[in-house]
Amino acid sequence: MNTETDLPAPEDLAALVDVLLAEGAPGADRTALEEDARLAFADERPRALPDHWWLAVPGATYEAAFEVLGLHDRIPVTVHYGLASQEDDEKYTPEAVHRVFVTPEYAGWRLIYAETPLRETTWWPHEVVERLSAACGQAQVYYQDPFADSVIWATAEHGTVRRGYWRDSAPEWTGDPLPWEEVLTVADFEDEEDYEDVYPEPNASEVHGIGEAAAHLSVNPATITADTPVRGHGWLALTAPGAGHDGFGGSPRL
């Protein structure tokens, strides 16, 4: 079981160093930056990741996601660098350009963090996982907002959403319950007054949280630990070609 992040290929590492040199102080030493980058990748171990908004695709087919999502000019990054990039993920050239972070492969899955693009109307949750699953075989989307009590999770296979849950005001379910779900029945509500009015649609289940859904469908980022199998390294890509990795208002550290 591999629990260490793989080192990038030499040509990919060189692309990262080019970015670090562009962001660094005048006279920065390329050889020293290359060594710092190698050490940073070598020292990485799996750890818990943010669990409020992400996509998941199989590690074996994740390469197709770059084309589907319109991502360009990727460079290898550590998880620290990739997550920090989401804090300043937008710049204008003059069109809006965003940074998207693709994690290493954890227990067979790559997670995709795209803070601003995922909130744009062109990336509707069901629509994006349908497109991703058509190219990658499977795809999932997860979102939770504890302040607004909003929750979304959906899983798609080969271009079609198989199962989904969406709660903003009233909960909505898509597709039939999966084998691991505990389906709600009339018996669960018959102690309620006027239970016929509160009994949900027949395909509802007790799986409302994205953590439980993710644990069954792929991997829950909040429960990743140093013992989680990992392969490859993270990538940072841009939503427009040739826009450059500079000028985002923050310079993440390795």
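About the cut-offs
- Residues numbered from 1 in each chain as written.
- Predicted model: local features only at pLDDT ≥ 70, side-chain atom pairs only at ≥ 80, totals over all residues.
- Heavy atoms only, no water.
- Salt bridge = Lys/Arg side-chain N within 4 Å of Asp/Glu carboxyl O.
- Helix = DSSP H or I, 4+ residues; strand = E, 2+ residues; numbered from the N terminus.
- Buried < 20%, exposed > 50% of the residue type's maximum accessible area, 1.4 Å probe, protein only.
- Core = buried A, V, L, I, M, F, W, Y, C linked by side-chain atoms within 4.5 Å.
- Contact = heavy atoms within 4.5 Å.
- Polar contact = N/O pair within 3.5 Å; in protein donor to acceptor, adjacent residues only side chain to side chain.
- Phe/Tyr/Trp six-rings, centres within 6.5 Å; stacked < 30°, edge-to-face > 60°.
- Pairing = 2+ DSSP bridges.
- Expected span 1.5 Å × (residues − 1).

**Focus on the pattern of salt bridges**
Move 1: Per the stated rule, a full pass over the model turns up 11 salt bridges.
Move 2: In this structure, the salt-bridge partner of arginine 30 is aspartate 18, at a minimum N-O distance of 2.9 Å. Placement of arginine 30 in helix α2 (residues 30-43) and of aspartate 18 in helix α1 (residues 10-23) is noted, with a sequence separation of 12 residues between them.
Move 3: The salt bridge partner of glutamate 181 is arginine 163, with a shortest N-O separation of 2.9 Å. Of this pair, glutamate 181 sits in the loop between β9 (171-174) and α6 (195-198) while arginine 163 sits in strand β8 (residues 160-167), placing them 18 residues apart in sequence. The pair glutamate 181 / arginine 163 is uniform in exposure class, with both members buried.
Move 4: If you follow the salt bridges from partner to partner, you end up with Asp18, Arg30, Glu34, Glu35 and Arg38 in one network.

**Considerations on the nonpolar core**
Move 1: Within the largest apolar cluster, 37 residues are counted, with the highest numbers of intra-cluster contacts made by Leu16, Leu49, Trp54, Leu111, Tyr142 and Trp153.
Move 2: By residue number, the principal contributor to this core is α1, which donates 5 residues.
Move 3: Sequence-distant contacts of tryptophan 54, that is, excluding residues within four places in its chain, are made with Leu111, Ile112, Tyr113, Leu118, Gln140, Val141, Tyr142, Ile210, Ala214 and Pro221.

**Observations concerning unusual backbone geometry**
Move 1: Backbone torsion omega between threonine 93 and proline 94 reads 10 degrees, so that peptide bond is classified as cis.
Move 2: Mapped onto the elements, proline 94 comes out in the loop between β3 (90-92) and β4 (96-106).
Move 3: The phi dihedral of alanine 107 falls on the positive side, at around 50 degrees, and the residue is not glycine.
Move 4: Position of alanine 107 relative to the elements: it lies in the loop between β4 and β5 (109-113).
Move 5: For alanine 107, a relative accessible area of 40% gives the class partly exposed.
Move 6: Unlike most non-glycine residues, histidine 158 shows phi in positive territory, near 50 degrees.
Move 7: The topology assignment puts histidine 158 in the loop between β7 (150-157) and β8.
Move 8: A relative accessible area of 64% places histidine 158 in the exposed class.

**Points about the side chain of lysine 91**
Move 1: By the secondary structure assignment, lysine 91 is in strand β3.
Move 2: One polar contact links the side chain of lysine 91 to the main-chain carbonyl oxygen of aspartate 246, over a distance of 2.6 Å.
Move 3: In this structure lysine 91 touches Ala96, Val97, Ala243, Gly244, Asp246, Gly247 and Phe248, once residues within four positions along its chain are discounted.

**Some details on the packing of aromatic side chains**
How two aromatic rings sit relative to each other is given by the distance of their centres and the angle of their planes.
Move 1: Going through the model one piece at a time under the given rule, you end up with 7 aromatic pairs.
Move 2: On the numbers, 6.0 Å between centres and 65 degrees between planes, the contact of tyrosine 62 with phenylalanine 66 is edge-to-face. As far as the burial class goes, tyrosine 62 and phenylalanine 66 line up, both buried.
Move 3: Ring plane angle 80 degrees and centroid distance 6.3 Å describe the contact between tryptophan 153 and tryptophan 173, whose orientation is recorded as edge-to-face. Taken as a pair, tryptophan 153 in strand β7 and tryptophan 173 in strand β9 lie far apart in primary sequence, 20 residues in all.

**Some points on the pairing of strand β1 (residues 53-58)**
Along any regular strand, the residues point their side chains to alternate faces of the sheet.
Move 1: Counting buried positions along β1 yields 6 of 6 residues, so the element is predominantly enclosed.
Move 2: Side-chain alternation along β1 places Trp53, Leu55 and Val57 on one buried face and Trp54, Ala56 and Pro58 on a second face that is also buried.
Move 3: Of the pairings in the sheet, the one linking β1 to strand β6 (residues 138-145) comprises 4 bridges and is antiparallel in character. If you follow leucine 55 over to β6, its bridge partner there is valine 141.

**Here we look at helix α5 (residues 125-136)**
Move 1: An ideal rise of 1.5 Å per residue puts 16 Å on 12 residues; α5 measures up with 16 Å between its terminal C-alpha atoms.
Move 2: A positive backbone phi angle near 90 degrees is found at glycine 137, which sits one or two residues after α5.

**Digging into the side chain of histidine 233**
Move 1: Examined against the element boundaries, histidine 233 turns out to sit in the loop between β10 (230-231) and β11 (234-238).
Move 2: Overall, histidine 233 belongs to the buried group, its relative accessible area being 8%.
Move 3: Ignoring any residue separated from it by four or fewer positions in sequence, one finds histidine 233 in contact with Thr5, Asp6, Leu7, Pro8, Phe41, Pro76, Thr103, Pro104 and Arg110.

These figures come from the coordinates and say nothing about function on their own.
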